[in-house]
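Summary of structural features
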Amino acid sequence: MILYLLHGLCIEKYQPARFVICNIYNKGLGGCFTGNEYRFIITNSVNHCIQEKGLEMYLWVLMTNHLHAIISSSKNDLSNIIRDFKKFTSTQIIVAIEQNGKESRSRWLLWLLKQKTETGEDKKQLWQPGNHLEEIRTEKFYTQKMQYIYQNPVRAESVRNEEDYEWSSAGYFIKGQ
């Protein structure tokens, strides 16, 4: 299903690996990535970034309102990759919400994503601006972030065991699936 996301664990790369958090704009009010259609947009875009932009993703979890990952790139600047990823997925997910006749929450989700620009115009924004990137400098820090990423669905009470959460690399590394 998400073959390219399960890409390896070695962190000896040209650019240091980084822990990243991508939050939806209105994180506290609800989850956008509850339907597989929206999650596939995210994972397909990540796979594109891996294949075409040189993104390397070591660990990840996609929750209903954010994405955590440990990433690097030996080809392109991570900020540019993340910027392009956010721009593409934002457009695609907003269109998917607008066109999804089965989405009972579409009007509510679109309302949550509506923001006013500096000129007073309405604009839909999926992702919070900016990037939260922390450089992985030590094995201890890497282990802390790995546990944080994998325990996220357990803390959210989505699953009992981290390896059972479908939208994470935990199952691959723990169960070998």
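Everything below is about the structure printed above this text.
As the structure is a computational prediction, the values presented were derived from the model and not from experiment. (Residues numbered from 1 in each chain as written. Predicted model: local features only at pLDDT ≥ 70, side-chain atom pairs only at ≥ 80, totals over all residues. Heavy atoms only, no water.)

1. Looking at unusual backbone geometry
Even without being glycine, Glu-157 reaches a positive phi, approximately 60 degrees. Along the chain, Glu-157 turns up in the loop between helix H4 (139-155) and helix H5 (170-175). Look at Glu-157 and you get exposed, because its relative accessible area is 71%. (Helix = DSSP H or I, 4+ residues; strand = E, 2+ residues; numbered from the N terminus. Buried < 20%, exposed > 50% of the residue type's maximum accessible area, 1.4 Å probe, protein only.)

2. Overview of the nonpolar core
Among the nonpolar cores identified, the biggest contains 49 residues, and Phe-33, Leu-55, Ile-70 and Ile-93 are the most heavily contacted of them. Those elements that place two or more of their residues in this core are strand E1 (18-23), helix H1 (36-53), strand E2 (55-62), strand E3 (66-73), helix H2 (78-99), helix H3 (106-113) and H4. (Core = buried A, V, L, I, M, F, W, Y, C linked by side-chain atoms within 4.5 Å.)

3. Things to note about the pairing of E2
For E2, a buried count of eight out of eight residues is recorded, marking the element as mostly surrounded by other parts of the structure. Turn length for the E2-E3 hairpin, with the two strands adjacent in sequence and antiparallel, is three residues. (Pairing = 2+ DSSP bridges.)

4. Side note on the sheet that holds E1
The four strands lie next to each other as E2-E3-E1-E6, forming an open sheet whose pairing is antiparallel. Here the strands that pair on one side only, and so sit at the sheet edges, are E2 and strand E6 (132-135). The average angle at which neighbouring strand axes cross in this sheet is 20 degrees, direction not considered. The pairing of E1 with E6 spans four bridges and is antiparallel. Across the sheet, Phe-19 pairs through a bridge with Glu-134, a residue of E6. (Axes fitted to C-alpha atoms, helices over the stretch in contact; angles between N-to-C directions.)

5. Observations regarding empty space enclosed by the protein
Tallied over the full model, the rule gives two cavities of 30 Å³ or more. Of the voids in this model, the largest cavity is the one considered here, and its volume is about 100 Å³. As for the largest cavity, its lining consists of Val-20, Cys-22, Val-46, Leu-55, Met-57, Leu-67, Ala-69, Ile-71, Ile-81, Ile-82 and Phe-85. If you list the elements that add at least two residues to the lining of the largest cavity, you get E1, E2, E3 and H2. Grouping the constituent residues of the lining of the largest cavity by class yields eleven nonpolar, no polar and no charged. (1 Å grid on protein atoms, 1.4 Å probe; cavity = no way out; pocket = protein on both sides within 12 Å on 5 of 7 lines; lining within 4 Å. Points joined across faces, edges and corners; volume = space filled by probe spheres on them. Nonpolar A, V, L, I, M, F, W, Y, C, P; charged D, E, K, R; others polar.)

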